[in-house]
Amino acid sequence: MNIKVDIDLAAVQIMWLFLMMKITLVGQSVWMIFELTGCMLCTIYVITNIKYVPRNALMLVIALAMSYLVSTLVNREYNGPWITYTGVEFTWKIILYFTVSWIAIKKRGSNNIAKASWNCLMLYWVPSIITVFAQGRNVIDNANNVYFIGNKFNVAYLNVVMLCLLLFLNNERKEYCSRSFVLKINSKKIGVFLFYTIIVSIDYYMKAYTGLFMILFILILAILSRYLQFRIAKKWSGFLNFIGKPLIVTISVVASGLVAIILEAIMNIPTIGAYLASIGKTGNILSRTLIYKNLAEIIERKPLIGYGYGSAIVSRYFGPNAQNGLAQVMIYTGILGTFLMLLITFYCCKAGGQSKGSQSVAFLYAIYAFILSATVEITYGGTFFILLAFYCACGWEKKLNRGDMYE
């Protein structure tokens, strides 16, 4: 029996399964082989299909990747061989996160790629949920790698990606898919609602409140968009147009970093302080204010290129990491890499904005969820880059369907 492999779908699935996440039970050396194999396969895919990537987009991605590489290599003696290797590998992955997504969507369409992503990620999501319940609610420290794909943050962010893909697929229009698939989706509304309930419950059970906030944020926007839009059509359309502007998205990323400066003042607001106390998060937030007070001193030492990806400079002084997405990028890559990250965010959202009013708005919601969570977590990484790439490619796809040129 001949088994036909769809190379485009396979490339995206390899990217998700081997370049984005790690199975906890697999040893580090064995997983490194999986990662390298996945990177090489995806690289071959990109090289053989490079014509599908716009030149200016490719140059931007390479520039961003090079900022990580230069910083990593310059700081190799300080960080040691393993951190240096991790930084070089992440440089490689950055290029693949964008190019594999762009090429696959250009060749096979966003719906097919979203379905392939959903199907392969279920292979990690199901055992992750099982291990969450197997470990129990009061596991000693679920911030460490106690679940199938790591810690509570890994599981929570996987939930966000799964939610985003489900919203995207559940909102697809007939011109993008067969009638039978639309009917299949409609016949499983109870299942869709059940999935929403599960991921909300899982995040609450793990005490992953950042992930819970991200999911609720996306769901609220999705519900307003789908069920209440007819009542507030003009206002809602204006709101979507506003948050979809590339400059607004980019400014939001910058604003997420400013929280590190003003968090202490926010904590002094009585209502916010009382709420944090009620959910037992006062100490957690206060520890962040201590970290933020010292970040400026660390960044000032190497402002231009930073300390390299994976640097433990923050943990050597007062915390596990910067506890802020933009601050962490600046520590890794300095002003140069941070500027390039903002530039590619602007570029991708400008391209994605061409798909206004379409199902790709789910990716925009997820991008904003990661931006909001970046105020207190380090979320500007691989998942954020893939979401940007998906949103960008959907905009190109929409433009092509109108008969326009690719660039």
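A. Region of interest: the overall build of the chain. When helices and strands are tallied, the chain shows 17 helices and zero strands. Across the 407 residues in the chain, those meeting the buried criterion constitute 54%. Of the contacts made within the chain by residues no fewer than 6 positions apart, 79% connect residues no fewer than 24 positions apart. In the form shown here, the chain has an accessible surface area of approximately 18,900 Å², with 66% of it arising from carbon and sulfur atoms.

B. Looking closely at the environment of Tyr209. Considering the arrangement of structural elements, one finds Tyr209 in helix α10 (residues 209–227). The partly exposed category is assigned to Tyr209, whose relative accessible area is 26%. Spatially, the C-alpha atom of Tyr209 lies 9.9 Å from that of Lys152, the residues being 57 residues apart in sequence.

C. Region of interest: a nonpolar patch on the surface. Nonpolar side chains collect at one region of the surface, where Val30, Ile33 and Phe34 lie side by side and expose about 250 Å² of accessible area between them. Note that Val30 resides in helix α2 (residues 28–48). Looking at Val30, the relative accessible area reads 40%, which means it is partly exposed.

D. Local environment of the nonpolar core. Counting 116 residues, the largest nonpolar core has Trp16, Phe98, Trp102 and Phe385 as the members making the most contacts within it. The leading source of residues in this core is helix α7 (residues 152–170), at 14 residues. Listed in part, the 13 residues of the second largest apolar core include Leu295, Tyr307, Ile313 and Val314.

E. Up close: helix α3 (residues 55–74). Between the first and last C-alpha of α3 there are 28 Å, a value that for 20 residues agrees with the 28 Å anticipated at 1.5 Å per step. Within the span of α3, buried status applies to Ala57, Leu58, Leu60, Val61, Leu64, Ala65, Ser67, Tyr68, Leu69, Ser71 and Thr72.

F. Seen up close, the packing of α3 against helix α5 (residues 81–108). As a packed pair, α3 and α5 sit with axes 8 Å apart at the nearest point and diverge in direction by 170°. Viewed along their axes, α3 and α5 adopt a mutual orientation that is roughly antiparallel. Of α5, the residues touching α3 (which contributes Ala57, Leu58, Val61, Leu64, Ala65, Met66, Tyr68, Leu69, Thr72 and Leu73) are Thr84, Gly87, Val88, Phe90, Thr91, Ile94, Ile95, Phe98, Thr99 and Trp102. In terms of residue class, the contact of α3 with α5 is built from 15 nonpolar, five polar and no charged.

G. The arrangement of the environment of Trp16 in detail. Of note, Trp16 is situated in helix α1 (residues 7–20). Between the C-alpha atoms of Trp16 and Gly38, which are 22 residues apart in sequence, the distance is 9.7 Å. In this structure the side chain of Trp16 is engaged in a polar contact, spanning 2.9 Å, whose partner is the side chain of Ser117.

H. Fine view of the side chain of Lys93. One can find Lys93 in helix α5. With near-sequence residues (within four places) excluded, Lys93 lies in contact with Leu19, Glu35 and Cys39.

About the thresholds
Residues numbered from 1 in each chain as written. Predicted model: local features only at pLDDT ≥ 70, side-chain atom pairs only at ≥ 80, totals over all residues. Heavy atoms only, no water. Helix = DSSP H or I, 4+ residues; strand = E, 2+ residues; numbered from the N terminus. Buried < 20%, exposed > 50% of the residue type's maximum accessible area, 1.4 Å probe, protein only. Contact = heavy atoms within 4.5 Å. Areas by Shrake-Rupley, 256 points an atom, 1.4 Å probe, with all protein chains shown as cover. Patch = residues over 30% accessible without salt bridge, like charges linked within 9 Å, V, L, I, M, F, W, Y side chains within 5 Å. Salt bridge = Lys/Arg side-chain N within 4 Å of Asp/Glu carboxyl O. Core = buried A, V, L, I, M, F, W, Y, C linked by side-chain atoms within 4.5 Å. Expected span 1.5 Å × (residues − 1). Axes fitted to C-alpha atoms, helices over the stretch in contact; angles between N-to-C directions. Parallel < 35°, antiparallel > 145°, perpendicular 65-115°, else oblique. Nonpolar A, V, L, I, M, F, W, Y, C, P; charged D, E, K, R; others polar. Polar contact = N/O pair within 3.5 Å; in protein donor to acceptor, adjacent residues only side chain to side chain.

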